[in-house]
Amino acid sequence: MAPKSSFLEKIQRRFSCADYVALTRANRNYRLYVLSHMCQHAGDWFVRIASLISVQRITGGSATALSIVVMCRTIPELALAPFGGILADKFDRRNLMIKLDLLAALSVCLFIHAVKANSIHLLYLATVIRSIISATYMPITGAIVPQIIVSGKEDLKRAATLNGMIWSGMLVIGGVVAGRATARFGVELCYIIDILTYIISAVIMSGVSGNFLADADVEKPPQDTKGNEKETIAVKMFALLRTLYQLKKELILYLWYSGFGALIFLKSSGTLIWGAADILNVSFSHIENDEAESSRRMGALYSSIGIGCLIGPIVANSTIVDGKKPATLQLAILFGLAMLTIGWLGVASNASSFKLVCFFTAIRTTGSSLIWLFSTLLMQNLASPEILGRVLGLEYCFARVSESIIAYIAGRLQDGGHAKSEISYIAAGIGFFFLAFWSSYHLSGRGAAQRKWNTNDDGRSEVLEVTLLTCPNYEHDPSDVMT
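Counting starts from 1 at the beginning of each chain's written sequence and moves along it residue by residue. Residue-level local features of this predicted model are given only where pLDDT is at least 70; pairs of side-chain atoms are given and counted only at 80 or more, and the full residue set underlies all totals for whole chains, interfaces and linings. To obtain the side-chain values, all non-hydrogen atoms of the structure were included, while hydrogens and water were left out.

1. Some remarks on the packing of helix 3 (residues 28-59) against helix 4 (residues 63-74)
The line we're drawing: Lines are fitted to the C-alpha atoms to define the axes, a helix being fitted only along its stretch in contact, and any angle between axes, read from their N-to-C directions, falls within 0 to 180 degrees. Strands are runs of DSSP state E lasting at least 2 residues, helices are runs of H or I lasting at least 4, and numbering of each runs from the N terminus. For any helix crossing, the convention is left-handed if the near helix is rotated counterclockwise from the far helix by under a right angle, and right-handed if that rotation is clockwise. The contact definition used throughout considers only heavy atoms, calling two residues in contact when any of these lie within 4.5 Å. Put simply, Ala, Val, Leu, Ile, Met, Phe, Trp, Tyr, Cys and Pro go in the nonpolar bin, Asp, Glu, Lys and Arg in the charged bin, and everything else, Gly too, in the polar bin.
The contact between helix 3 and helix 4 brings their axes to 10 Å, and the two run at 145 degrees. As helix 3 packs across helix 4, the resulting crossing turns out to be right-handed. In this structure, helix 3 uses Arg48, Leu52, Val55, Gln56 and Thr59 to contact helix 4, whose residues at the interface are Ala65, Leu66, Val69 and Arg73. Taken together, the residues of the contact of helix 3 with helix 4 sort by class into 5 nonpolar, 2 polar and 2 charged.

As structure tokens, this is what we get:
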């Protein structure tokens, strides 16, 4: 009886929320970060659902217009996400987050104007501006977490899981509230709520204390500023471009020699599978000549997405993931690919039943949440802090570009007469391909499955030393190398 009791206690302990509560209680900075995160994501989902409904209203249900909105949200990230990573590695990350929150709040005013003017082109422009801010923000908010959580890898894993739970929880709440608010008061209310949430997020984040420069712990020699006034603008711009080139060269070399560089494509593999989701979600929700009911159905469908995203990381952390062993994160992503594929198959097979579509959407997003969350956590575990911002920026860039390509193809297919079920089957087929590819990668002992990443010596020092040898112009203090 003792072994059985011990086993049950272990299961109960792993499913307990006590560790997450303890983490937020003990770490004031992280507690404020969490509150800021909640406000930001709540507003994000309000504006995302409102934007999709706005496209339906303005264009009369064009799937191509919906795909263009998705592309407007994702294509700017091709250039801006890596730039956000560079900013994260050069400036104080907390200050950057506050400024970007305030810019995001201002950008929402253009959405309101687009709806009032009934202009799809203004809506495209508003989406592009919002995307630029979001692309810059994402690598910064990801890179600051290891600086706030300094109590070990287990707490970093819990923080990543909690961040995912917040994203999912806000989607559940935002989906229901946004759908009902839009049905009763119109989409303008959702945009106003979004403005308020970003302002509150900035105010909360301003309470986080500390120095959040990437190299905050490195003492730099004083620089001679004499003569700087004589530098021309052209010289300064050339120096800036040279620095940007050097930073990107360093990133490429780092990934090439790291032993886990291929993992930067994990997230984009997932977005290639679920990239058609926004187009199909609007189509599954739409009721002809009934915008109020369509809004409620869309809210319900996005709440199903939130439920799936909430369940996935909790179950994975309680059964598969060990924060000290990155191989388990990679394994959890394989389960995510499997759930994502099964979910699309279920949606395709039951396209005529809205309730079953919601059910299989929750299954699908259980998988997508594992891929999105644990691919980022893998990078946070494996990449060195000095270069983490750029790694996350490039990963995010690849993911969004992949999503935009698939979204556009899905929109064209739907407007070309292909059924929702056919597009869902195509998504499932892509899922099968990537499940087979990454399973082979993992089982052959590559990426995070390598032994060196799952022992006390994490191997990051060796990677940085190789980067220094192959990039002689990189000015790096030896004390930065993690041991």
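2. Points about the nonpolar core
Our working definition: Among the buried residues, those of types Ala, Val, Leu, Ile, Met, Phe, Trp, Tyr and Cys that are joined through side-chain atoms within 4.5 Å form a nonpolar core. A 1.4 Å probe rolled over the protein chains alone gives each residue an accessible area, and that area as a share of the maximum for its type sets the label: buried under 20%, exposed over 50%, partly exposed in between.
Within the largest apolar cluster, 126 residues are counted, with the highest numbers of intra-cluster contacts made by Tyr30, Tyr191, Leu263, Trp344, Phe374 and Leu378. Considering every element that reaches this core, the biggest residue donor is helix 3, with 15 residues. Filtering out sequence-adjacent residues up to four positions away, tyrosine 191 remains in contact with Val47, Ala50, Ser51, Ser54, Val108, Phe111, Ile112, Val115 and Leu123.

3. Here's the deal with the side chain of serine 51
Heads up, the rule is: Two N or O atoms form a polar contact when they lie within 3.5 Å of each other; inside protein one atom must be a possible hydrogen donor and the other a possible acceptor, and for residues adjacent in sequence the pair counts only when both atoms belong to side chains.
Note that serine 51 resides in helix 3. Only 2.6 Å separates the side chain of serine 51 from the backbone oxygen of valine 47, close enough to count as a polar contact. The contacts of serine 51, once residues within four sequence positions are left out, are Phe111, Leu123 and Tyr191.

4. Quick look at the side chain of serine 269
For serine 269, the position within the fold is in helix 11 (residues 266-274). At a separation of 2.9 Å, a polar atom in the side chain of serine 269 contacts the main-chain carbonyl oxygen of phenylalanine 265. Apart from the residues within four sequence positions on either side, serine 269 is in contact with Phe434 and Trp438.

5. Some details on unusual backbone geometry
Of note, asparagine 118 is a non-glycine position whose phi angle comes to about 55 degrees, a positive value. When you line up the elements, asparagine 118 lands in the loop between helix 6 (93-117) and helix 7 (120-148).

6. Section: the environment of arginine 412
Along the chain, arginine 412 falls in helix 16 (residues 385-415). Assessed through its relative accessible area of 46%, arginine 412 is described here as partly exposed. Note: C-alpha distance between arginine 412 and leucine 66 (346 residues apart in sequence) is 10.0 Å.

7. Thoughts on the confidence of the model for the chain
Under the convention used in this document: What pLDDT conveys is the predictor's confidence in a given residue, as a value from 0 to 100.
Residues at a pLDDT of 70 or more form 80% of the chain, whose mean pLDDT is 77. By mean pLDDT, helix 18 (residues 460-470) is the weakest element of the chain at 42, and helix 17 (residues 420-443) is the strongest at 94. Here residues 1-5 is modelled with pLDDT under 50, and outside its nearest four sequence neighbours on either side it reaches 0 contacts, counting other chains as well. Ignoring residues within four places in sequence, the model shows residues 217-231, a span with pLDDT below 50, making 7 contacts including any to other chains.

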